[in-house]
Amino acid sequence: MCRNIRTLHNFEPPATDDEVHGAALQYVRKISGAAKPSKANEEAFAAAVAAVEEATRRLLDELVTTAPPRDREVEATKARARAAARYGS
């Protein structure tokens, strides 16, 4: 499940709110062990996702680097090449 959480720092264009939300959702799903919470846990699950999302956005906003921003398309091409080598497709 956590393989879906991707690096969000130092990309051009910067990480979108949807990407930050997706990473937060995957994190909460992983640590809770539930892809979808029960009715009794929906509120706690949603609050946890919001808290992780806020912390993630704050972290991304505060991180600094001297490296040039990475290009999303170039990184996606590299990832596809690694997957093809790994899975033989």
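As recorded in an unreviewed UniProt entry, the protein goes by DUF2277 domain-containing protein and comes from Pseudonocardia benzenivorans.

**Focus on the packing of aromatic side chains**
Taken as a whole and assessed by the stated rule, the structure comprises 0 aromatic pairs. The ring of Phe11 is capped by Arg70, whose NZ or CZ atom sits 4.4 Å from the centre of that ring.

**Remarks on the environment of Pro13**
Among the structural elements, Pro13 can be located in the loop between β1 (11-12) and α1 (17-32). A residue is classified by how much of its surface remains accessible, and Pro13, at 47% relative accessible area, is partly exposed.

**Focus: the nonpolar core**
Ala24, Leu25, Val28, Phe45, Val49 and Val52 together form the largest nonpolar core, which totals 6 residues. If you list the elements that add at least two residues to this core, you get α1 and α2 (42-62). Those residues in contact with Phe45 that sit more than four places away from it in its chain are Leu25, Val28, Arg29, Ser32, Ala34, Ala35 and Pro37. By size, the runner-up hydrophobic cluster in this structure holds 5 residues, among which are Ala15, Val20, Ala23 and Leu60.

**Examining the pattern of salt bridges**
A full pass over the atoms with the stated rule returns 5 salt bridges. Arg72 is the salt-bridge partner of Glu19, the closest N and O atoms lying 3.2 Å from each other. On the criterion of sequence distance, the pair formed by Glu19 in helix α1 and Arg72 in helix α3 (residues 72-87) is long-range, its members being 53 residues apart. Taking the relative accessible area as the measure of exposure, Glu19 reaches 29% and is therefore partly exposed. On the basis of relative accessible area, Arg72 is assigned to the partly exposed category, the value being 22%.

Cut-off values and rules
Residues numbered from 1 in each chain as written. Predicted model: local features only at pLDDT ≥ 70, side-chain atom pairs only at ≥ 80, totals over all residues. Heavy atoms only, no water. Phe/Tyr/Trp six-rings, centres within 6.5 Å; stacked < 30°, edge-to-face > 60°. Lys NZ or Arg CZ within 6 Å of the ring centre and 35° of its normal. Helix = DSSP H or I, 4+ residues; strand = E, 2+ residues; numbered from the N terminus. Buried < 20%, exposed > 50% of the residue type's maximum accessible area, 1.4 Å probe, protein only. Core = buried A, V, L, I, M, F, W, Y, C linked by side-chain atoms within 4.5 Å. Contact = heavy atoms within 4.5 Å. Salt bridge = Lys/Arg side-chain N within 4 Å of Asp/Glu carboxyl O.

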